[in-house]
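Residues per chain, in single letters:
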Amino acid sequence: MRTIELFRLETPYRETLVVEGFAFGPAAADARASVAIVGALRGNEMQQAFICANVVKRLRALEDAGALADVGILVIPVVNSFSMNIAHRFWPMDNTDINRMFPGYDAGETTQRIAAGLFDVIKDATYGIQLASYYLPGEFEPHVRITDTGVVDLAETRRLADLFGFPYALLKQPAPFDTTTLNYNWQVWGVRAFSLFSSVVDRISAGPADFVVDCIMRFLEGIGAIRPELAPAPPADAPAPCEAPAVPEAPVAPAGAQDVSRETAGNGEGAAPAPLRTGMRTGWEVSPRGPYETAFCREDALVNVRTSRAGFFKRVAAIGQRVEEGDALARILSTEDCEVIETLRAPVAGTVFFRHEAALINGETIAFKVMPA
Amino acid sequence: MIETVFSAELPVREHLLVQKNRIIGADLAAALDAAADDDAPAAPGPRGNVSRETFAREEERLAPDAGSGAHAAPALNDAQRALLDAAPRLAVVTGIHGDELEGQYVAFELARRLNEHRDQVHGIVDIYPAINPLGINAIERGVPGYDLDLNRIFPGDADGPLTEALAAAVVADIAGAAACVDIHASNIFLREMPQIRINELSADELLPLAPLLNIDFVWVHASATVLQSTLAYALNALGTRTLVVETGVGMRITPSEVMRLTEGMLCLAAHLGIWSGPFEEHGAPLISADQAVSFLNAGAAGVFLPKAAHGRRVGKGELIGVIVDPLTGEVRERVTCPASGLLFTLREYPVVYPGSLLARVLSE
Ligand SMILES: [Zn+2]
């Protein structure tokens, strides 16, 4: 592992900001291909940083075992350490979002310079993976997202997205503000770009983190960056990289077409469902979940469930849960007497894909997204 | 009359309300009153009438359902609706950014002037003082609880989250106006001379209107993709001519400039045939493209102390300010002017990072 300084910025009243990445495999000139993996661009992306740090840990073990192939891998767990260290989501001084500054401008404002410094290093990668977060506070079914900029070869992208083994891959039509995100600009520069959404953002959820780490390792193996025959055996006392919860917080596996039933997936650590795919071995199958056959969907196929009332948010349905049309997803309780003032119901049969996550909820907003079956 | 453009319930006994002040000229109000006696109303509920008293009763009737403070638009019949649709309308919008207050004065002063002389108003002036009311209340630029710049999500989505539904409601309400002015102050970091910023894509439609607003200069800028998510871009794309004004500084009101701007609103209203009262005209503005604007960014971190005066001409090589280090007592950088011209932007907030914008100069 080589530590690489990507960007350095003198700052007022604090230590100099240094963005570092961890490089594995051959240097660019000798590499057959390269992968850049970017973690926290925002200061609240703790789960995303945690996933990247675990990827670094696994890659280091693979490197020690001689199991890395001729693909350069650069992992940047935290870009925005300056915000993370002081519990800010965006840039401390002007509240700007680094992920709205790409491709960056090296003579511009501070966050434009950071974006430019980072992008300069990662724009020539063959593959780009960003651990992303959503702008609404909530929990997601883990998935991979591809922005359809119109310049990508969709068949090729689907083949690559499939390597992760996520239950879902979403194709997103870019909105105007998307044109300044890392994912969009990677694509403009010809990088095969993927945004990975874990379940949560500003706290660590170990099970989904493990799952996403596994997904990344499967992708790296799928593109030939890892030589599985040389990979060390998984530790005997798995789960290894992080302490998994005794009982999964929320079932993650998809239902419906898949033969993994809700009951099985929610059955705790012991009863791991058999992976759906055979013939692929990562050597790191410590997670009880996946890989899955990836279902490809357009993002606009998700059905929004909106509130009309505001109050305490009492969730009923879990992420990944299969629901029938009309099933209760959550109730909104009066903040005065806890009476139910609205019941949010599934508008279609499908899988709970996104769920608002807070004690309170406003009226006229999105509480759930359901993936129709 | 006060109307509600968007309402969403908040968890504890409150609504987020985007409201506007609809000022209707005396002649149009009389025509609407006359039309009230026409055919049966198209909308359910009692027959509408636009006189003040009728609205007050209507509001009372609607109040329990609409939530406290909400003002529902009165029920109108087809003839009245047709009259309102045909009337020329000017929309004056401000408060998208909660830390920009210059427009608050314009909203107040414009409403005061128009209310005093309804007989000189011909048509409709809609004044929207606070598109982001929670942000203004909390001194937050973005929308509290969403941590998001409202002027980056237009045209919004009625089926989206609260912020996007709000944006969509605002666009729907303004669309179709003869013209719209979106008043921004600068942010808390920079002081600006009164100026209008026009996307080059809309220059043909907007350049004839811009000089009416009593600003010092018009900046025709290249079409950056990020600006596609602004209110102005969304409205211009719908064919509603929308001008963006930037003036003063964040979190403050600069009275001389906003008074001038208020006169500019009246001047524009007169041009549109909506105002026949008096107004003051300022001299013609400078009109410039990107090439003539020089940016001065900080090269060092520290505290910026301006040495040049804002809004004045500066010569090439002239000292604009210094960046100093309070810990060591050293001057870290001397910032000099790359070209002579008008110092139309100057840093107001002292603490700077490398890259922080310090000044903009319009070359002569
Ligand atoms: Zn603004």
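Since the structure is predicted, the reported quantities are computational estimates derived from the model, not experimental observations. (Residues numbered from 1 in each chain as written. Chains lettered and ligands numbered in written order. Predicted model: local features only at pLDDT ≥ 70, side-chain atom pairs only at ≥ 80, totals over all residues. Heavy atoms only, no water.)

Below, the discussion takes up the overall build of chain B. Helix and strand counts for chain B stand at nine helices and 17 strands. The buried share among the 364 residues of chain B stands at 54%. Long-range contacts, defined as pairs at least 24 residues apart, comprise 69% of the intrachain contacts of chain B with a sequence gap of at least 6. Summed over its atoms, the accessible surface of chain B is roughly 14500 Å², and 53% of this surface lies on carbon and sulfur atoms. (Helix = DSSP H or I, 4+ residues; strand = E, 2+ residues; numbered from the N terminus. Buried < 20%, exposed > 50% of the residue type's maximum accessible area, 1.4 Å probe, protein only. Contact = heavy atoms within 4.5 Å. Areas by Shrake-Rupley, 256 points an atom, 1.4 Å probe, with all protein chains shown as cover.)

Applying the stated rule across the entire model yields 36 salt bridges over all chains. Of the charged contacts in the structure, one is a salt bridge between Lys-172 of chain A and Asp-178 of chain A, with a shortest N-O distance of 2.8 Å. The same class applies to Lys-172 of chain A as to Asp-178 of chain A, namely buried. Residue Arg-112 of chain B is joined to Glu-109 of chain B by a salt bridge in which the shortest nitrogen-to-oxygen separation is 2.8 Å. Placement of both Arg-112 of chain B and Glu-109 of chain B in helix H4 (residues 102-116) is noted, with a separation of three residues, approximately one turn of the helix. In this structure Arg-112 of chain B comes out as partly exposed when scored by relative accessible area, which is 34%. Given a relative accessible area of 5%, Glu-109 of chain B falls into the buried group. If you follow the salt bridges from partner to partner, you end up with Glu-139, Arg-203, Arg-315, Arg-355 and Glu-357 of chain A in one network. (Salt bridge = Lys/Arg side-chain N within 4 Å of Asp/Glu carboxyl O.)

Mapped onto this numbering, the UniProt entry annotates "domain: Succinylglutamate desuccinylase/Aspartoacylase catalytic" (unreviewed entry) at residues 34-119 of chain A. Split by type, residues 34-119 of chain A is 38% helix and 17% strand. Its first and last C-alpha atoms lie 14 Å apart. (UniProt positions renumbered as here; feature names shortened; annotations may be inferred.)

What follows is about the packing of aromatic side chains. The geometry of an aromatic ring pair is captured by two quantities: the separation of the ring centres and the angle between the planes. Residue and element names in this part refer to chain A. Applying the stated criterion across every chain, the model contains 26 aromatic pairs over all chains. Look at Phe-164 and Phe-219: their rings are 4.4 Å apart centre to centre, the planes differ by 15°, and that puts the pair in the stacked class. Of this pair, Phe-164 sits in the loop between helix H4 (154-162) and strand S8 (168-172) while Phe-219 sits in helix H6 (residues 206-222), and the two are 55 residues apart along the sequence. Of the two residues, Phe-164 and Phe-219, both sit in the buried class. One aromatic cluster in this structure is built from Tyr-127, Phe-164, Phe-166, Phe-194, Phe-211, Phe-219 and Tyr-292. (Phe/Tyr/Trp six-rings, centres within 6.5 Å; stacked < 30°, edge-to-face > 60°.)

Now for the sheet that holds strand S9 (residues 192-197) of chain A. Residue and element names in this part refer to chain A. Here we have nine strands laid out as an open sheet, ordered S1-S2-S4-S3-S5-S9-S7-S8-S10, and mixed in their pairing. Two strands lie at the open edges of the sheet, namely strand S1 (2-9) and strand S10 (295-298), each paired on one side alone. Each neighbouring strand pair of the sheet contributes to a mean axis angle of 25°, computed without reference to strand direction. Summarising the sheet, strand S7 (residues 143-147) and S9 pair through three bridges and their orientation is antiparallel. Considered in S9, the bridge of His-143 is made with Phe-197. Along the sheet, helix H3 (residues 110-122) makes contact with S1, strand S2 (17-24), strand S3 (33-40) and strand S4 (71-78), crossing S1 at roughly 150°. Where H6 meets the sheet, its contacts fall on S3, S4, strand S5 (127-132) and S9, and the angle it forms with S5 comes to roughly 175°. (Pairing = 2+ DSSP bridges. Axes fitted to C-alpha atoms, helices over the stretch in contact; angles between N-to-C directions.)

What follows concerns the packing of H4 of chain B against helix H9 (residues 255-271) of chain B. All names here are of chain B. At a minimum axis distance of 9 Å, the contact between H4 and H9 shows a crossing angle of 50°. The angle between H4 and H9 falls in the class oblique. In terms of crossing hand, the pair formed by H4 and H9 is right-handed. Across from Glu-102, Tyr-105, Val-106, Glu-109, Leu-110, Arg-113 and Leu-114 in H4, the residues of H9 making contact are Val-258, Met-259, Leu-261, Thr-262, Glu-263, Met-265 and Leu-266. By residue class, the composition of the contact of H4 with H9 is nine nonpolar, one polar and four charged. (Parallel < 35°, antiparallel > 145°, perpendicular 65-115°, else oblique. Left-handed = near helix turned anticlockwise from the far one by under 90°. Nonpolar A, V, L, I, M, F, W, Y, C, P; charged D, E, K, R; others polar.)

Moving on to the coordination of the zinc ion. Ideal donor angles around a metal are set by the shape: a four-donor tetrahedron calls for 109.5 degrees, a six-donor octahedron for 90 or 180 degrees. Around the zinc ion, the protein contributes the donor atoms His-97 of chain B (ND1), Glu-100 of chain B (OE), Glu-100 of chain B (OE) and His-184 of chain B (ND1), which lie 2.0 to 2.3 Å from the metal centre. The coordination sphere of the zinc ion comprises four donor atoms, whose angles at the metal cover 58 to 151°; the geometry is irregular. (Donors = N, O, S within 2.8 Å, 3.2 Å for Na, K, Ca; no water. Tetrahedral: all angles 85-135°; square planar, octahedral: opposite > 155°, others 65-115°.)

Moving on to the packing of helix H1 (residues 26-35) of chain B against helix H3 (residues 78-86) of chain B. All names here are of chain B. Where H1 contacts H3, the axes come no closer than 8 Å and their chain directions differ by 160°. Overall, the two elements H1 and H3 adopt an arrangement that is roughly antiparallel. Considering how the two elements wind past one another, H1 and H3 form a crossing that is right-handed. Two secondary-structure elements touch here, H1 through Leu-28, Ala-31, Leu-32 and Ala-35 and H3 through Ala-79, Gln-80, Leu-83 and Leu-84. For the contact of H1 with H3, the class distribution of residues is seven nonpolar, one polar and no charged.

Now for the sheet that holds strand S14 (residues 330-336) of chain B. Residues and elements named next belong to chain B. The four strands are arranged S14-S13-S11-S16 in an open sheet whose pairing can be described as antiparallel. Each edge of the open sheet carries a strand with a single partner, namely S14 and strand S16 (351-352). With four bridges connecting them, strand S11 (residues 302-306) and strand S13 (residues 319-325) associate as antiparallel partners. Paired with Phe-304 across the two strands is Ile-323, which belongs to S13.

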